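A closer look at the structure
Here are the chains, one letter per residue:
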Amino acid sequence: MIAATPELLTVPEVMARLRLGRSTVYDLIRSRRLVSITVGRCRRIPADALSDFITRELEEAA
């Protein structure tokens, strides 16, 4: 069985999904609240990491 490749999102895609600015997304990455990887010179955010971030933020807000 072949494991599914995780979807990797670009910073602009994350910006659009969260409706946040570029610097805010990079601040979340820098503070390690949002997990990301570097592929070459490109920063990518796994879709699962974005879902986890949203879940944690919702739990903290409750």
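The shown structure was predicted, so the numbers you read here are calculated from the model rather than taken from an experiment. (Residues numbered from 1 in each chain as written. Predicted model: local features only at pLDDT ≥ 70, side-chain atom pairs only at ≥ 80, totals over all residues. Heavy atoms only, no water.)

So, the nonpolar core
- Of all hydrophobic cores here, the largest spans 13 residues; its most connected members are V14, V25, I29, L34, I45 and L50.
- Mapped by element, the contributors of at least two residues to this core are α1 (11-18), α2 (22-30) and α3 (47-61).
- The dominant element in this core, judged by the number of residues it contributes, is α3, at four residues.
- If sequence neighbours within four positions are ignored, V14 has contacts with L9, R19, V25, L34, I45 and L50. (Core = buried A, V, L, I, M, F, W, Y, C linked by side-chain atoms within 4.5 Å. Buried < 20%, exposed > 50% of the residue type's maximum accessible area, 1.4 Å probe, protein only. Helix = DSSP H or I, 4+ residues; strand = E, 2+ residues; numbered from the N terminus. Contact = heavy atoms within 4.5 Å.)

Quick notes on the sheet that holds strand β2 (residues 37-39)
- Spatially, β1-β3-β2 is the arrangement adopted by the three strands of the open sheet, whose pairing is antiparallel. Bordering the open sheet on either side are β1 (8-9) and β2, each of which pairs with just one other strand.
- Of the strand pairs in this sheet, β2 and strand β3 (residues 42-46) are connected by three bridges, and their pairing is antiparallel. Within β3, the position partnered with V39 by the bridge is C42. (Pairing = 2+ DSSP bridges.)

Here we look at the pairing of β3
- Bridging between β1 and β3 involves two bridges; their strand directions are antiparallel. Looking across to β3, one finds that L9 is bridged to I45.
- Hairpin connection between β2 and β3: a loop of two residues separates the two successive antiparallel strands, and G40 in this loop has a positive phi of roughly 65°.

Geometric descriptors of this kind do not, in isolation, establish any biological role.
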